[in-house]
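# Coordinates in review
The primary structure of each chain is shown beneath.
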Amino acid sequence: MLTGILLLTAALIIPFLTPVQNYLSIPNELEIFHNSQVQIPTLGESIQVSNTSEKSVQSIDGSSFYAKSPGGSEIIYELAGMPIKKVDMSVLDDLRVIPGGHSIGVQLQTKGVLVVGHHLVTIKNGSVSPGEEADIMVGDVILEIDGEPIKEMKEVKPFVSKAAKNKTPLNIRLKRGDEILEKKLQPVMDKNDQEYKLGLYIRDTAAGIGTMTFYDTKSKKYGALGHVISDMDTKKPIQINDGTIVHSSVTSIEKGNNGVPGEKQATFSIKENKIGSITKNSPFGIFGKLNANSINNLKGKPLPVALSHEVKEGPATIRTVVKDEKVEEFDVEIVSSVPQKFPATKGMVIKITDEELLKKTGGIVQGMSGSPIIQNGKIIGAVTHVFVNDPTSGYGVHIEWMLQDAGIDVKKQSKNKAG
């Protein structure tokens, strides 16, 4: 009985002992960029730490290592000459991109036309919504009508007229989530304006403002926003056919208060000042390529990027625009950061500490999404969401996931170079 109690007590206490906590905090794998330093946990004077490849990784002291060149190495913890823990370290090629902070206007062209609502059509015996009766739902994307691809709203009306004339239903091909479905939809005559209607509200474009996070002068690739663009009515991610980003000028800011997010007010013209294309709308932002003129005009100094495990709690800065098109840098604090091995949003919690920015905006406001976060001279991520009940704070996404969605594969480099 006593032995069992002692064993149970030991099992409960051991995980909280500092040496055990330090041992459990040692990662099995570690990635670091070339010309960077990394610090690993120590386990006391009796534990020796060594690495197997001085060519790639140079030991600075018992816990700090410098990445000399791309490649691979093993960090080994030894007790009396016996290995007790191994860390596989991969040194990645040095990766630098130019931090953004520029205010941008965004226009997305949906893939097909998006159903955003139903409406009733007045007929002789009452009212009906043909679209709803055909089981076409809000959030569905109409891809084809009668076998013909549909890209814009204006392409729908001729099919409605033809179906009315022939008194035949429309053959609708639509996308619902990951499913492709076929529906039949019979237009009906609205007795008030004598037009045939579908009883559907549809949309083919979406527009708004945000902030550019980074761009690369060699590949011309960029990333912005740090989060997916969803339709304002359906609240579902917009599946895009193509899109455009343009220069935007901030005219005023509506400050955020508890319970009500603030917002940047800005002007832009889709027909003028085009910066580049949008080819992807993902949980980590919008991505595409800048045009040649934009690359020449958007000047900046490339900065190294940091992986999620390199981000530390403490001071950092963000780059954003609060007036006109002037990019400024403001102080923030990294409240917490989660090292992530796999793509995930909301990797950081940040707090605005800059008195000037707090005075102008009240904290994080809509339109600030995508503002790059910089710590110790490295780009670590982007601002994504504000806490509704505390506008001074919000979430950030780690930069490596935005780079990955932009087509800049950080992990691939380590596979090519390791060995």
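Quick caveat: nothing in here was measured; it's all calculated off a predicted structure.

The rules we used
- Residues numbered from 1 in each chain as written.
- Predicted model: local features only at pLDDT ≥ 70, side-chain atom pairs only at ≥ 80, totals over all residues.
- Heavy atoms only, no water.
- Helix = DSSP H or I, 4+ residues; strand = E, 2+ residues; numbered from the N terminus.
- Rg over C-alpha atoms; globule rule 2.2 N^0.38 Å.
- Buried < 20%, exposed > 50% of the residue type's maximum accessible area, 1.4 Å probe, protein only.
- Contact = heavy atoms within 4.5 Å.
- Arc of directions from axis to C-beta.
- Salt bridge = Lys/Arg side-chain N within 4 Å of Asp/Glu carboxyl O.
- pLDDT = per-residue confidence, 0-100.
- Pairing = 2+ DSSP bridges.
- Axes fitted to C-alpha atoms, helices over the stretch in contact; angles between N-to-C directions.

Moving on to the overall build of the protein. Counting its regular elements, the protein contains eight helices and 33 strands. Here the protein has a C-alpha radius of gyration of 27 Å; the compact-globule value for 419 residues is 22 Å, and the former is much larger. The principal-axis extents of the C-alpha atoms in the protein amount to approximately 90 × 65 × 45 Å. When the 419 residues of the protein are sorted by exposure, 47% land in the buried category. Looking at the protein alone, contacts between residues at least 24 apart form 67% of all its contacts between residues at least 6 apart.

With respect to the secondary-structure elements, Val 338 resides in the loop between β28 (327–337) and β29 (348–352). Residue class for Val 338 comes out partly exposed when judged on its relative accessible area of 47%. Distance from Val 338 to Ile 318, taken between C-alpha atoms, is 19 Å for residues 20 residues apart in sequence. Once residues within four sequence positions are removed from consideration, Val 338 is found in contact with Ser 308, Gly 347 and His 398.

Here Val 327 lies in strand β28. Exposure remark for Val 327: the relative accessible area of 26% places this residue in the partly exposed category. Each C-alpha atom, one on Val 327 and one on Ser 371, is 10.0 Å from the other, the two residues being 44 residues apart in sequence. Once residues lying within four places of it in the same chain are set aside, the contact partners of Val 327 are Gly 100, Gly 101, His 102, Arg 319, Thr 320 and Val 321.

Within helix α4 (residues 156–166) the residues assigned to the buried category are Val 156, Phe 159, Val 160, Ala 163 and Ala 164. Down the axis, α4 shows its buried residues gathered within 135 degrees of arc, on one side only. In α4, the exposed residues that point more than 90 degrees away from the buried face are Lys 157, Pro 158, Lys 162 and Lys 165. Check the buried side of α4 and you find it contacts β9 (103–118), β12 (141–145), β13 (148–149), β14 (170–176), β17 (195–197) and β18 (200–215). Following α4 by one or two positions, Lys 167 has its phi on the positive side, about 55 degrees.

According to the stated counting rule, one finds 13 salt bridges in the structure shown. Between Asp 135 and Lys 183 there is a salt bridge, with the nearest N and O atoms lying 2.7 Å from each other. A residue pair is termed long-range when its members are at least 10 positions apart, and Asp 135 in the loop between α3 (130–133) and β12 and Lys 183 in strand β15 (residues 179–185) qualify at 48 residues. Using a relative accessible area of 35% as the deciding quantity, one classes Asp 135 as partly exposed. When the shortest N-O distance is used, the salt bridge between Arg 203 and Asp 231 registers 2.5 Å. With Arg 203 in strand β18 and Asp 231 in the loop between β19 (221–224) and β20 (240–247), this pair connects stretches of sequence that are 28 residues apart. Accessibility assignment for this pair places Arg 203 and Asp 231 in one class, buried. Through salt bridges with shared partners, one network takes in Asp 135, Asp 140, Arg 176 and Lys 183.

Let us look at the confidence of the model for the protein. Per-residue confidence for the protein averages 86 on the pLDDT scale, and 91% of its residues sit at or above 70. Ranking the helices and strands of the protein by mean pLDDT puts strand β31 (residues 372–375) first, with 98, and helix α8 (residues 410–417) last, with 52. Contacts from residues 413–419, a stretch scored under 50 in pLDDT, to residues over four places away or in other chains number twelve contacts.

Before going further, it helps to spend a moment on the sheet that holds strand β1 (residues 29–33). Spatially, four strands are ordered β1-β7-β6-β3 in an open sheet, and the strand pairing comes out mixed. The open sheet has two edge strands with one neighbour each: β1 and β3 (47–51). Each strand axis lies, on average, 25 degrees off the axis of its neighbour in the sheet, ignoring direction. Bridge count between β3 and strand β6 (residues 71–79): five bridges; the pairing is antiparallel. Bridge pairing in β6 links Val 49 to Tyr 77.

This part covers the pairing of strand β25 (residues 285–289). Walk down a regular strand and you will see the side chains alternate between the two sheet faces. Of all five residues making up β25, four are buried, and the element is well covered by its neighbours. Inspection of the sheet shows β19 paired to β25 by four bridges, in the antiparallel sense. Its bridge partner lying in β25, Tyr 222 is registered against Gly 288. Note that strand β24 (residues 280–282) and β25 share three bridges and pair antiparallel.

This part takes up the sheet that holds strand β30 (residues 365–366). Strand order across the open sheet formed by three strands is β21-β22-β30, with mixed pairing between neighbours. Each edge of the sheet is formed by a strand with only one pairing partner; in this case those strands are β21 (249–254) and β30. With five bridges joining them, β21 and strand β22 (residues 262–267) adopt antiparallel strand pairing. Note that in β22 the partner of Ile 253 across the bridge is Lys 264.

So, on to unusual backbone geometry. Notably, Gln 194 is not glycine yet its phi reads approximately 55 degrees, a positive angle. Inspection of the secondary structure assignment puts Gln 194 in the loop between β16 (188–190) and β17. Even without a glycine there, the phi angle at Asn 376 is positive, about 50 degrees. Summarising the element assignment, Asn 376 is placed in the loop between β31 and β32 (378–387).

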